[in-house]
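A closer look at the structure
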Amino acid sequence: MRKADLSDKDKVVKIICESFDTNPHVNYILKNDAKRAQRLAYLSEYAFYYGMRRNGVFLTEDGQGVSIIFAYHKVKMGLKDYWGQWKLILKCFTLFRALKVYRVEKQIKNHRASNVEFLYLWFFGVTNETLGTSNGRDMMKFIFDMSQQQKLPMYLETSLKRNSIIYKRYGFEEYNLYQTEDQLLTMHYLKRPYDHQL
């Protein structure tokens with residue numbers, strides 16, 4: 001795998017859009033209307049720039065898979081981050097929906113591990129064309145090696161129960177669970193020690 005650069009933006013945005021098109025978390029926060037695809041693209045673009053500012057966007061050699069992973073304990077919000085959030089709100093949400101999304105995202109963040117240093121796997125996906133190929137396994141090995149080299153455990157959350165089951169096969173264990181008040185969204189929180197052996 002290689003570290004992405006700014007010229008990879010369109011490629012990364014396409015992969016995120018394809019991978020998250022049916023994601024329950026994304027569908028919970030984005031309004032399902034004629035502009036949904038455009039909003040998903042804005043959301044994916046935001047994720048790309050956020051990850052790039054943390055040197056955390058990585059692509060497979062064929063450019064068909066992407067992961068966004070960075071040291072969560074080193075995250076410092078800067079002016080570009082806050083400006084990016086405001087642009088995201090203006091492009092993706094009405095004021096009422098933005099308040100709802102803020103409350104939900106705050107709860108999701110509050111349920112993450114605290115007082116521990118870890119690598120946060122924010123995004124992991126491949127293009128539709130390469131589903132079922134070795135790309136996913138190669139990316140998983142890459143981030144496991146990163147975790148081991150930096151001696152940092154890996155943490156993530158997923159809104160897909162089947163994904164949590166798959167992650168557990170690779171040494172992750174569930175440490176927390178969050179469900180929205182309307183019970184329409186469930187987040188599974190998982191962690192994996194850096195020295196876990198497959």
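The rules we used
Numbering of residues starts from 1 in every chain and runs along the sequence as written. A pLDDT threshold of at least 70 governs which residues receive local features in this predicted model, and a stricter bar of 80 or more applies before side-chain atom pairs are shown or counted, although totals over entire chains, interfaces and linings include all residues. Where side-chain values are given, they derive from all heavy atoms of the structure, hydrogens and water being excluded. Angular values range over 0 to 180 degrees, each being the angle between N-to-C directions of two axes fitted as lines to C-alpha atoms, with helices fitted over their stretch in contact. A run of H or I in DSSP becomes a helix once it reaches four residues, and a run of E becomes a strand once it reaches two; helices and strands are each numbered from the N terminus. Angles below 35 degrees are treated as roughly parallel, those above 145 as roughly antiparallel, those between 65 and 115 as roughly perpendicular, and all remaining angles as oblique. Note on convention: near helix rotated counterclockwise from far helix by under a right angle means a left-handed crossing. Clockwise means right-handed. The contact rule is simple, with two residues in contact once any of their heavy atoms fall within 4.5 Å. In the sections that follow, a salt bridge refers to a side-chain nitrogen of Lys or Arg positioned within 4 Å of a carboxyl oxygen of Asp or Glu. Accessibility here uses a 1.4 Å probe with only protein chains present; expressed as a share of the type maximum, an area under 20% marks a residue as buried, one over 50% as exposed, and anything in between as partly exposed. Centres within 6.5 Å make a pair out of two Phe, Tyr or Trp rings, where for Trp the six-membered ring is used; the pair is then stacked when the planes are under 30 degrees apart, edge-to-face when over 60, and tilted otherwise. Two conditions define a charge sitting above a ring: the NZ of Lys or the CZ of Arg must be within 6 Å of the ring centre, and it must be within 35 degrees of the ring normal. To define a nonpolar core, start from buried Ala, Val, Leu, Ile, Met, Phe, Trp, Tyr and Cys residues and group those joined through side-chain atoms within 4.5 Å. A helix is expected to reach a length of 1.5 Å times the quantity of its residues less one. In this context, the arc is that of the directions from the helix axis out to the C-beta atoms.

Looking at the packing of helix α1 (residues 9-20) against helix α3 (residues 36-52)
Between α1 and α3, the shortest axis-to-axis distance is 9 Å and the interhelical angle comes to 125°. Put simply, α1 runs oblique to α3. Along this stretch, α1 crosses α3, giving a crossing that reads as right-handed. Residues K9, V12, V13, I16, C17 and F20 of α1 form the contact with α3, whose participating residues are R36, L40, A41, S44, E45, A47, F48 and Y49.

Some thoughts on the pattern of salt bridges
One pass over the full model with this rule turns up 12 salt bridges. The partner of D10 in a salt bridge is K9, with the nearest N and O atoms 3.9 Å apart. Taking the relative accessible area as the measure of exposure, D10 reaches 56% and is therefore exposed. Of the charged contacts in the structure, one is a salt bridge between E173 and K191, with a shortest N-O distance of 4.0 Å. Linking E173 in strand β6 (residues 173-179) with K191 in strand β7 (residues 186-192), this pair joins segments that are 18 residues apart in sequence. Look at E173 and you get partly exposed, because its relative accessible area is 44%.

So, the packing of aromatic side chains
The full count for this structure, using the stated rule, is 16 aromatic pairs. Both rings, one in Y72 and one in F118, keep their centres 5.0 Å apart while their planes meet at 15°; by these two values the pair is stacked. Of this pair, Y72 sits in the loop between β3 (65-71) and α4 (79-92) while F118 sits in the loop between α5 (95-110) and β4 (119-126); the two residues are 46 residues apart in sequence, bridging distant segments of the chain. Each of the two residues, Y72 as well as F118, counts as buried. Ring centres of Y72 and Y120 lie 5.2 Å apart, and the angle between their planes is 65°; this geometry places the pair in the edge-to-face category. You can see Y72 sitting in the loop between β3 and α4 and its partner Y120 sitting in strand β4, a full 48 residues away along the chain. Grouped by ring-pair contacts, the aromatic residues Y46, Y50, F70, Y72, F118, Y120, W122, Y155, Y175 and Y189 constitute a single cluster. In this arrangement the basic side chain of R54 is found over the ring face of Y50, its NZ or CZ atom lying 3.8 Å from the centre.

Some points on the nonpolar core
Core analysis: the largest hydrophobic core is formed by 39 residues, its most contacted members being V12, L30, V57, V66, I68 and F93. Ranked by residues supplied to this core, first place goes to α3 with 7 residues. Setting aside chain neighbours within four positions, we find L30 in contact with R36, R39, L40, L43, C92, F93 and R97.

Let's talk about helix α6 (residues 135-150)
With 16 residues, α6 extends 23 Å from end C-alpha to end C-alpha; this agrees with the ideal 22 Å at 1.5 Å per step. Burial in α6 covers these residues: N135, M139, M140, I143, F144, M146 and S147. For α6, the buried positions fall inside an angular range of 165° around the axis, keeping them on one side. When the buried face of α6 is taken as reference, the exposed residues oriented beyond 90 degrees from it are K141 and Q149. Those residues of α6 that are buried lie in contact with β2 (57-59), β3, β4, β5 (154-158), α7 (161-169) and β7.

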